[in-house]
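Residue-level structural notes
Each chain is listed here by its residues.
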Amino acid sequence: MNLNTIKTIQSKQSYPSVTITLPTYRTSPDNEKDIIRLKNLVSEAVTRLQEEFGKRETAHIVDEINRLAESVDNQYNLDGLVIFASTEYAELFRLPFRVPERVTIADNFLTRDLVFAMNRSPLYLLNVLSEHSTRLFVGRKEHLNEVHDFGFPFSVENEVAEANPSQDISHVRDQIVTDKMREVGQALLEARKQLSAPIVVVGVDRNIGHFNDGAGISEDVMLSIHSGHNSDNPHELGKALWPEIKEALTAERGKVFDELNNAKGNKLFVGGLNEVWQAVTDGRAELLVVEEDLHIPAQVSEDGRKLTEINIEDAKGEHAYEDIVDEMIEKVLAAGGRVRFVDSEALGEHADRGLAVVTRY
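It should be emphasised that the depicted structure is a prediction, and the values quoted were computed from it without experimental measurement.

Attention now moves to the packing of aromatic side chains. Tallied over the full model, the rule gives six aromatic pairs. When the centroid spacing of 6.2 Å and the interplanar angle of 15° are considered together, the rings of Y124 and W242 count as stacked. Of this pair, Y124 sits in strand β5 (residues 123-129) while W242 sits in helix α7 (residues 234-265), placing them 118 residues apart in sequence. Connected via pairs of aromatic rings, a cluster forms that spans F84, Y89, F93 and F109. A cation over an aromatic ring shows up here: R98 above the ring of Y25, its NZ or CZ 4.7 Å from the ring centre. Stacked on the ring of F269, the Lys or Arg K264 has its end atom at 5.0 Å from the ring centre.

Written out as structure tokens, the structure is:
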């Protein structure tokens, strides 16, 4: 599960769309209860579907939900599970983070919990430089998964350094490595297009020097770690590097408030509920900032411009949402904007409803 997967899921518009999320356990005996809890959620989803839309009309969706639920093998559970099902799309994902236990029926899939989890424990791209190769990992906390795409891993072992008598062979060799780093830099930017995540580079001083000279993307690198850590074991590598990466990610998250203050000074700040909704709907939201525990059931007016807060029990029909915050998140990401979560009540004077936007214009 990554940001691009979420964007694909968000593009699916069909009423009704069912989202079932469940926190799960990796080991026995806790994971033995997961199947019972999943059956209860499936039963709730089926009952709600059939009561609101009819048995015949929802037969296909019910069949898909049951098929996916029955495919779950508790031995392979991670920390969370999500089922998406509509007439046109059905899929199950195991997640390496916790999600709430809930069933949601709307005109699109609920992805807020997934986006929140990715921002609370964000992904990063780790570029590991060694003397003979350059490897790329996608990291979440101390967990690393190696990427075999975009040309990675890059190798210079087969490059032959040839020098004439007036040249220093070591200098020629250095130039070859620097030139290779230009390819690495472009590959990193391509990887970041597919996965919106900060870049971390690790290597000894010499190799980071080659990277800085050749890659030409220094301004895109969140953190450079000058270290000899280049273990073949991703578990050991992630464990060694995570404390420093965590500190850098925390600092990045704090920059949100600098952006909000700058936006106020430049008249690009929006803080009221309806004003935020309109900016998001119009595609003007460059950055949406959300307090992490915020959920707002709301009804959208006929012209789509105004929100009325409602009780969650009344969130039925195509213009009613159990959580309008999720709808905003989806719209912002679909328009190429960013979403960041902050602690509850952290926005304070920045917003009167736990939401704030930095607009593009």
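After that view, the rundown keeps rolling.
What follows covers the pattern of salt bridges. A pair can form between side chains of opposite charge whenever their charged atoms are brought close. Enumeration according to the criterion identifies 17 salt bridges in this entry. For the salt bridge of D79 with R26, the shortest nitrogen-to-oxygen distance reads 2.9 Å. Here D79, found in the loop between α3 (55-70) and β2 (80-85), pairs with R26, found in the loop between β1 (13-23) and α2 (34-53); they are 53 residues apart in sequence, far enough to count as distant. For R26, a relative accessible area of 43% puts it in the partly exposed group. Put simply, R360 and E286 hold a salt bridge, and the shortest N to O gap is 3.4 Å.

A separate point is the packing of helix α8 (residues 273-281) against helix α9 (residues 324-334). Geometrically, a packed helix pair is captured by the angle between its two axes and the distance between the axes. Contact pair α8 / α9: the axes reach a minimum separation of 9 Å and the direction vectors enclose 35°. In the crossing of α8 with α9, the sense of the turn from one axis to the other is left-handed. Where α8 abuts α9, its residues L273, V276, W277, V280 and T281 lie against I324, E327, M328, K331 and V332. Looking at the contact of α8 with α9 residue by residue, the classes come out as seven nonpolar, one polar and two charged.

Burial analysis of β5 places seven of its seven residues in the buried class, the great majority of the element. Taking every second residue as pointing to the same face, both faces of β5 are buried, with L123, L125, N127 and L129 on one and Y124, L126 and V128 on the other. In the sheet, β5 pairs with strand β6 (residues 133-140) via seven bridges, with the strands oriented antiparallel. Paired with Y124 across the two strands is G139, which belongs to β6. Remark: three residues form the turn of the hairpin made by β5 and β6, two consecutive strands paired antiparallel. For β5 and strand β9 (residues 199-203), the ladder comprises four bridges, and the chain directions are parallel. Bridge pairing in β9 links L126 to V200.

Cis geometry is adopted by the peptide bond preceding P29, which originates at S28 and carries an omega value of 5°. Structurally, P29 can be placed in the loop between β1 and α2. Cis peptide bonds are those with omega within 30 degrees of zero, and the linkage from F152 to P153 qualifies with -5°. Tracing the backbone through its elements, the reader meets P153 in the loop between β7 (143-146) and β8 (154-155). With a phi angle near 60°, F150 is a residue other than glycine that sits in the positive phi range. With a relative accessible area of 29%, F150 lands in the partly exposed category.

The next point concerns the domain arrangement of the protein chain. Segmenting the protein chain into domains produces domain 1 (3-120), domain 2 (124-252) and domain 3 (267-359). At the junction of the two partners, domain 1 supplies 19 residues and domain 3 supplies 21 residues. When the two sides are added together, the surface that domain 1 and domain 3 hide from each other amounts to roughly 1600 Å², 50% of it contributed by carbon and sulfur. Remark: the boundary between domain 1 and domain 3 carries one salt bridge. Counting every contact that joins domain 1 to domain 3 gives six residue pairs in polar contact (both at pLDDT 80 or more).

All right, on to the sheet that holds β2 then. Here we have four strands laid out as an open sheet, ordered β3-β2-β1-β4, and antiparallel in their pairing. Looking at which strands have only one partner, the edges of the open sheet turn out to be β3 (90-95) and β4 (102-108). Within this sheet the neighbouring strands show an average axis-to-axis angle of 15°, counted without direction. Where β1 lies against β4, six bridges are found, and the strand directions are antiparallel. Each residue of the ladder has a partner; that of S17, found in β4, is A106. Its contacts with the sheet place α2 against β1, β2 and β4, and it is angled at close to 160° to β1.

What counts, and where the lines are drawn
- Residues numbered from 1 in each chain as written.
- Predicted model: local features only at pLDDT ≥ 70, side-chain atom pairs only at ≥ 80, totals over all residues.
- Heavy atoms only, no water.
- Phe/Tyr/Trp six-rings, centres within 6.5 Å; stacked < 30°, edge-to-face > 60°.
- Helix = DSSP H or I, 4+ residues; strand = E, 2+ residues; numbered from the N terminus.
- Lys NZ or Arg CZ within 6 Å of the ring centre and 35° of its normal.
- Salt bridge = Lys/Arg side-chain N within 4 Å of Asp/Glu carboxyl O.
- Buried < 20%, exposed > 50% of the residue type's maximum accessible area, 1.4 Å probe, protein only.
- Axes fitted to C-alpha atoms, helices over the stretch in contact; angles between N-to-C directions.
- Left-handed = near helix turned anticlockwise from the far one by under 90°.
- Contact = heavy atoms within 4.5 Å.
- Nonpolar A, V, L, I, M, F, W, Y, C, P; charged D, E, K, R; others polar.
- Pairing = 2+ DSSP bridges.
- Domains from an automatic or database assignment.
- Buried area = accessible area lost by both parts, 1.4 Å probe.
- Polar contact = N/O pair within 3.5 Å; in protein donor to acceptor, adjacent residues only side chain to side chain.

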